[in-house]
Amino acid sequence: QSALIDALASGPLGFAALDVFEEEPLPEESPLFDVPNLIMTPHISGNFPDYTKRVHELFLDNLQRYLKGEPLRFVVDKQRGY
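First, a word on what this report is: a plain description of the structure on this page. (Residues numbered from 1 in each chain as written. Predicted model: local features only at pLDDT ≥ 70, side-chain atom pairs only at ≥ 80, totals over all residues. Heavy atoms only, no water.)

### With respect to the side chain of N62
No. 1: Within the fold, N62 resides in helix α2 (residues 51-68).
No. 2: Not counting the four nearest positions on each side in its chain, N62 is found in contact with L72 and R73. (Helix = DSSP H or I, 4+ residues; strand = E, 2+ residues; numbered from the N terminus. Contact = heavy atoms within 4.5 Å.)

### Side note on the pattern of salt bridges
No. 1: One pass over the structure, following the stated rule, counts 3 salt bridges.
No. 2: With a shortest N-O distance of 3.1 Å, K53 and E57 are connected by a salt bridge. Taken together, the residues span about one helical turn, with K53 and E57 both in helix α2 at a distance of 4 residues.
No. 3: When its relative accessible area of 49% is taken as the criterion, K53 is described as partly exposed.
No. 4: E57 sits in the partly exposed class, given a relative accessible area of 41%.
No. 5: Across the pair R65 and D61 runs a salt bridge whose closest N-O atoms are separated by 3.1 Å. (Salt bridge = Lys/Arg side-chain N within 4 Å of Asp/Glu carboxyl O. Buried < 20%, exposed > 50% of the residue type's maximum accessible area, 1.4 Å probe, protein only.)

### Description of helix α1 (residues 2-10)
No. 1: Within α1, burial applies to L4, I5, A7 and L8. With its buried residues spanning 165° around the axis, α1 presents them on a single face. Turned more than 90 degrees off the buried face of α1, the exposed positions are S2, A3, D6, A9 and S10.
No. 2: Looking at the buried positions of α1, the neighbouring elements they touch are β1 (16-18) and β2 (38-40).
No. 3: In the stretch just after α1, G11 is the one whose phi turns positive, near 115°. (Arc of directions from axis to C-beta.)

### Observations regarding a negative patch on the surface
No. 1: Residues E22, E23, E28 and E29 make up a contiguous surface patch of negative charge.
No. 2: Among the secondary structure elements, E29 is positioned in the loop between β1 and β2. (Patch = residues over 30% accessible without salt bridge, like charges linked within 9 Å, V, L, I, M, F, W, Y side chains within 5 Å. Areas by Shrake-Rupley, 256 points an atom, 1.4 Å probe, with all protein chains shown as cover. Lys, Arg positive; Asp, Glu negative; His and termini not counted. Charge placed at Lys NZ, Arg CZ, Asp CG, Glu CD.)

### Re the layout of surface pockets
No. 1: In this structure, the largest pocket encloses a volume near 170 Å³.
No. 2: Lining the largest pocket are F48, Y51, R54, V55, E57, L58, D61, R73 and F74.
No. 3: Across the lining of the largest pocket, the residue classes break down as 5 nonpolar, no polar and 4 charged. (1 Å grid on protein atoms, 1.4 Å probe; cavity = no way out; pocket = protein on both sides within 12 Å on 5 of 7 lines; lining within 4 Å. Points joined across faces, edges and corners; volume = space filled by probe spheres on them. Nonpolar A, V, L, I, M, F, W, Y, C, P; charged D, E, K, R; others polar.)

### Regarding the nonpolar core
No. 1: Core analysis: the biggest nonpolar cluster contains 10 residues, these being L4, I5, L8, A16, L18, F21, L26, L32, V35 and L38.
No. 2: If one sorts the elements of this core by residue count, α1 sits on top with 3 residues.
No. 3: Apart from the residues lying within four places of it in its own chain, the contact partners of I5 are P31, L32 and V35. (Core = buried A, V, L, I, M, F, W, Y, C linked by side-chain atoms within 4.5 Å.)

Bear in mind that shape data such as this cannot, by itself, settle questions of function.
This is the structure we're talking about:
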């Protein structure tokens, strides 16, 4: 985060948007709050019409797959970190 703040202050980056942080919840004293060319969202930046419906459908699909012993969809690869 400090490298991002430096890059935004010195010019290589003109703007950034974040919704994930090193420490969550983000502490009130975080210097990120003082960066004018940074926008922060509370993990809802990906929200779109029918988001809740689609998340529920995915959950139910994965639950059915799990109960049948089938591979799950969108599993996090812990080695790759995403």
